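Spelled out from the first residue to the last, the chains are:
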Amino acid sequence: IPRERIRNFSIIAHIDHGKSTLADRILEQTKSVPLREMENQILDDMDLEREHGITIKARAVTLVYTAKDGLDYIFNLIDTPGHVDFNYEVSRSLAACEGAVLVVDATQGIEAQTLANTYLAADAGLEILPVINKIDLPSANPDRVKKEIEDVIGIPAQDAPCVSAKTGLNIRDVMEQIVHLVPPPQGDAGAPLQALIFDSYYDSYRGAVAHVRLKNGTVHTGDVIHMMATGCDFTVVECGYMRATSFEPTGVLQAGDVGYITASIKEVKDARVGDTITLRDRPAEKSLPGYRAAQPMVFCGIYPADGAKYPDLRDALEKLQLNDAALSFEPETSVALGFGFRCGFLGLLHLEVVQERLEREYHLDLITTAPSVVYEITLTDGTAKHIDNPTNYPDPSTIAEAKEPIADAHIYAPSEYVGNIMELCQDRRGVFQNMQYIDTDRVDIHYRLPLNEIVYDFFDALKSHTRGYASFDYELAGYEKSRLVKLDILINGEPVDALSFIIHEDKAYARARKMVEKLRDKIPRQLFEIPIQACIGGRIIARETVKALRKDVLAKCYGGDISRKKKLLEKQKEGKRRMRKVGSVELPQDAFLSVLKLD
Ligand code: GTP
């Protein structure tokens, strides 16, 4: 099939608007999967993704479509992750395409990620084909949604196919538009090789598999390739197309193609998303634009609940990292929690996904400390520091200036919730930018919000303030000077490092009160009185006391039923095992967790 009949495209959408379902229908229409092998949603192939209902890693498949003109076309369908945490991966996937199918739910209209993804596609210079989905639903309003697309995004939408990805209605129209509206790839197969890695994953048999889009040049099995950003060389073991359920080795890939390359690469770190592959012996002059090392934005400590599981936790993190170049971790020790790791993530969702995989796939019981962002501190002696762990926050008297990351946030919601949303954003130190009506009853509210107010529990709060109707998207917009303090918690006079965190001065008092009260309720009475104090740089700003008590577990046993006594003592022992000793005080595990969930 000649180059003019290749179509490289992505499907972009807000979460749940039907991207994966549409991809499945396209796979069916191209008969690329024998029906008996057809499992629903092949493109999202991780269990966890299914449960979260989101796509985490990009995937690509090569399909052959016989169009109404009777000709066969090669469709390279490149799946993109739908969440803001993975924006960089989305943008690399889009850079591998010439077109984007923009799916909009006919019952919902444009949402935060509809717009965020559309901007990424427009930045990549793609042809955008709007598709109105879910028209089988009674509440569908395709005309309203078309108008929204024209008004808000500013692209024509009158000819947008109205489809049901669920029933398969009008899917052929989408395929024909891809044939007629997405331009074929450009590029020179004779030029030096430039292949963009837009995805990579670890396969225990092949090592790292790089998904690539060839912009120029040709690559063969046996060629020595050179990774332009990381500087490593490898020999190509296999290259070819990814079909829906298998690899199809072809021995060669050319400009315009989308396919895979394996080269005994041990870790995905050496086949980084965004890097350019060229040939060692005939290198390209320039790498393709846009490479960026994944930059963790949110950090937290992860500790095994059972200290003996530390080596298991390290193994599990190493395994996850093989497949996730954006995950970073290094050992750290906490007085309260023992040995664990300081882990860095792209965002909150990324953190949640990793945490869940550790618990589910590696059966680890974890204690996670409060998420923290990275602060930029300048000391009075002029040195600059990046602080991602409250424990390392310098003494306030040595700080000349503290800066915190600020996000540009867009919230989309029905207009009846504007009051609630503004109240929430104001409470989170947000600065109102502007507000725009998308249609008569929906608005786009634009705020600047400190990232540390978002990472905590902003999503949950937003949902409860809008009964689940709001959608949200943010982007880092730089650093701003701020009045930050480190809040420490002392239990029986001993600082508990795992409970320290950095907070804006104005919010410190309220937060300190809440924390000490919560801890008072969670810490069981012990043989002596336990003061719980919150302080900023040695100044105590809140205090509670856990009264002393002689805890006699046998008090309930009158008479001499020895087996019952034994049982109670056993139970007490079990309870003790789950305690953390801080100085002379036993702290139950859920005391740590409870302070992370204050509101
Ligand atoms: P992410 O992978 O989370 O980004 O979501 P997605 O955009 O891939 O959405 P997905 O395809 O998983 O669909 C979300 C939900 O909408 C599923 O429950 C689908 O069954 C349903 N759905 C998708 N298309 C249609 C449609 O045309 N009609 C109806 N009624 N439901 C649909």
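Per an unreviewed UniProt entry, the recorded name for the protein is Elongation factor 4, and the organism is Caproicibacterium lactatifermentans. The Subcellular location (unreviewed entry) comment attached to the protein in UniProt states, word for word, "Cell membrane".

**Student:** Teacher, can you tell me more about the overall build of the protein here?
**Tutor:** When its secondary structure is counted, the protein shows 13 helices and 32 strands. Expressed as a percentage of its 599 residues, the buried residues of the protein come to 55%. A sequence separation of at least 24 residues applies to 69% of the contacts in the protein between residues at least 6 apart. Summed over all atoms, the accessible surface of the protein reaches about 26500 Å², with 49% contributed by carbon and sulfur.

**Student:** What exactly am I supposed to notice about the sheet that holds strand 14 (residues 258–262) here?
**Tutor:** Hydrogen bonds along the backbone pair up the strands of a sheet, which may run parallel or antiparallel. If you walk across this open sheet you meet the eight strands as 10-9-15-6-7-14-11-12, and the pairing is antiparallel. The open sheet has two edge strands, strand 10 (233–235) and strand 12 (247–249), and neither has a second partner. Taken pair by pair, the neighbouring strands of this sheet meet at an average axis angle of 40°, ignoring direction. As paired strands, strand 7 (residues 207–216) and strand 14 are joined by five bridges and run antiparallel to one another. Bridge pairing in strand 14 links Val212 to Gly259.

**Student:** Looking at this model, I keep getting lost on the pattern of salt bridges. Mind explaining?
**Tutor:** Pairing is possible between side chains of opposite charge, provided their charged atoms come close. Applying the stated criterion across every chain, the model contains 29 salt bridges. Of the charged contacts, one joins Glu356 and Arg360 as a salt bridge, the two residues approaching to 2.6 Å between their closest N and O atoms. Of the two residues, Glu356 and Arg360 are both situated in helix 8 (residues 348–361); the distance of four residues between them amounts to about one turn of the helix. Take Arg360: its relative accessible area is 35%, and that puts it in the partly exposed class. Connected through salt bridges with shared partners, the residues Arg513, Glu517, Arg520, Asp521 and Glu544 form a single ionic network.

**Student:** Any chance you could explain the side chain of Glu148 here in plain terms?
**Tutor:** The residue Glu148 is located in helix 5 (residues 142–153) in this model. Of the polar contacts made by the side chain of Glu148, one reaches the side chain of Arg442; its length is 3.2 Å.

**Student:** Help me understand the sheet that holds strand 16 (residues 298–304) in this model?
**Tutor:** Strand order in the open sheet formed by four strands is 17-18-16-19, and the pairing between neighbours is antiparallel. The outermost strands of the open sheet, each flanked by one partner alone, are strand 17 (328–334) and strand 19 (366–368). Here the average twist between neighbouring strands, direction ignored, is 30°. Looking at chain direction, strand 16 and strand 19 are connected through three bridges and run antiparallel. Paired with Pro304 across the bridge in strand 19 is Leu366. Sheet contacts for helix 7 (residues 310–323): strand 16, strand 17, strand 18 (338–345) and strand 19; angle to strand 18, the most-contacted strand, approximately 15°.

**Student:** Teacher, can you tell me more about a negative patch on the surface here?
**Tutor:** A grouping of Asp306, Asp312, Asp315, Glu318, Glu359 and Asp365 is seen on the molecular surface, where their side chains present a negatively charged patch. When residues of the negative patch are assigned to their parent elements, the largest contribution, three residues, is made by helix 7. Here Asp315 is to be found in helix 7.

**Student:** What is the right way to look at the packing of helix 3 (residues 87–95) against helix 4 (residues 112–123) in this model?
**Tutor:** What describes two packed helices is the angle between their axes and the distance between those same axes. Between helix 3 and helix 4, the shortest axis-to-axis distance is 9 Å and the interhelical angle comes to 40°. It follows that helix 3 is oblique to helix 4 by the angle criterion. In the packing of helix 3 onto helix 4, the handedness of the crossing is right-handed. For the pair helix 3 and helix 4, the contacting residues are Asn87, Val90, Ser91 and Leu94 in the first and Asn117, Leu120 and Ala121 in the second. Split into classes, the residues belonging to the contact of helix 3 with helix 4 amount to four nonpolar, three polar and no charged.

What counts, and at which threshold
Residues numbered from 1 in each chain as written. Predicted model: local features only at pLDDT ≥ 70, side-chain atom pairs only at ≥ 80, totals over all residues. Heavy atoms only, no water. UniProt positions renumbered as here; feature names shortened; annotations may be inferred. Helix = DSSP H or I, 4+ residues; strand = E, 2+ residues; numbered from the N terminus. Buried < 20%, exposed > 50% of the residue type's maximum accessible area, 1.4 Å probe, protein only. Contact = heavy atoms within 4.5 Å. Areas by Shrake-Rupley, 256 points an atom, 1.4 Å probe, with all protein chains shown as cover. Pairing = 2+ DSSP bridges. Axes fitted to C-alpha atoms, helices over the stretch in contact; angles between N-to-C directions. Salt bridge = Lys/Arg side-chain N within 4 Å of Asp/Glu carboxyl O. Polar contact = N/O pair within 3.5 Å; in protein donor to acceptor, adjacent residues only side chain to side chain. Patch = residues over 30% accessible without salt bridge, like charges linked within 9 Å, V, L, I, M, F, W, Y side chains within 5 Å. Lys, Arg positive; Asp, Glu negative; His and termini not counted. Charge placed at Lys NZ, Arg CZ, Asp CG, Glu CD. Parallel < 35°, antiparallel > 145°, perpendicular 65-115°, else oblique. Left-handed = near helix turned anticlockwise from the far one by under 90°. Nonpolar A, V, L, I, M, F, W, Y, C, P; charged D, E, K, R; others polar.

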